[in-house]
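What the coordinates show
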Amino acid sequence: MRALIVEDEFLSRKVLRSFLMTLFEVDIVVNGREAVEAFKISHAEKQPYDLILMDIMMPEVDGIEALQKIRSIETDRGYKPKVKVIMTTALDDPQTVIKTFYDGEASAYIVKPIAKERLYDELEKLGLLNK
């Protein structure tokens, strides 16, 4: 399985990679613009991502905008199944959660700092982990 980490903070990228590297082939990008490009490339190479773990607050293109672009591409091109996307943020803000789930069709939402057990619980709920 393949996973894409979209995170602008170095330490967060390193921690998330350590959590996922035994379960997925992991790619890492640093902003939403790169996430959309990586998503397109993965489909062009016929190796789409099973999981995208994406921060909400990033430079250039934020996570919500990137997620909306990815969902639009999936709809326009008929990609099925849709990639599972877990949004991450330091903000535990109800409006952000609602916007992420309803406008962006996120699969899950985790507030930082991310604990390995919490991440694995979400992966299991999404059918990406067999405990």
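Residues numbered from 1 in each chain as written. Predicted model: local features only at pLDDT ≥ 70, side-chain atom pairs only at ≥ 80, totals over all residues. Heavy atoms only, no water.

**Regarding the pattern of salt bridges**
Considering all chains together, one arrives at 11 salt bridges under this definition. Linking Glu 7 and Lys 112 is a salt bridge whose minimum nitrogen-to-oxygen distance equals 2.8 Å. Note that Glu 7 is positioned in the loop between strand S1 (2-6) and helix H1 (10-20) and Lys 112 in the loop between strand S5 (108-111) and helix H5 (116-125), a separation of 105 residues in sequence. Comparing Glu 7 with Lys 112, the two get one shared label, buried. A salt bridge links Glu 37 to Lys 40, with the shortest nitrogen-to-oxygen separation between them at 3.6 Å. Taken together, the residues span about one helical turn, with Glu 37 and Lys 40 both in helix H2 (residues 32-44) at a distance of 3 residues. (Salt bridge = Lys/Arg side-chain N within 4 Å of Asp/Glu carboxyl O. Helix = DSSP H or I, 4+ residues; strand = E, 2+ residues; numbered from the N terminus. Buried < 20%, exposed > 50% of the residue type's maximum accessible area, 1.4 Å probe, protein only.)

**A short note on H5**
Buried residues of H5: Leu 119, Tyr 120, Glu 122 and Leu 123, and no others. Across the axial projection of H5, the buried residues extend over an arc of 160°, all falling on one side. Away from its buried face, by an angle of more than 90 degrees, H5 presents the exposed residues Glu 117 and Lys 125. Its buried side turned inward, H5 meets H1, strand S3 (51-55), strand S4 (84-89) and S5. Once H5 ends, the next one or two residues include Gly 127, with phi positive near 80°. (Arc of directions from axis to C-beta. Contact = heavy atoms within 4.5 Å.)

**Observations concerning the UniProt feature "modified residue: 4-aspartylphosphate" (unreviewed entry) in the protein chain**
Per the UniProt record, "modified residue: 4-aspartylphosphate" (unreviewed entry) is found at Asp 55. Once residues within four sequence positions are removed from consideration, Asp 55 is found in contact with Val 6, Glu 7, Asp 8, Gly 63, Met 87, Thr 88, Thr 89 and Lys 112. (UniProt positions renumbered as here; feature names shortened; annotations may be inferred.)

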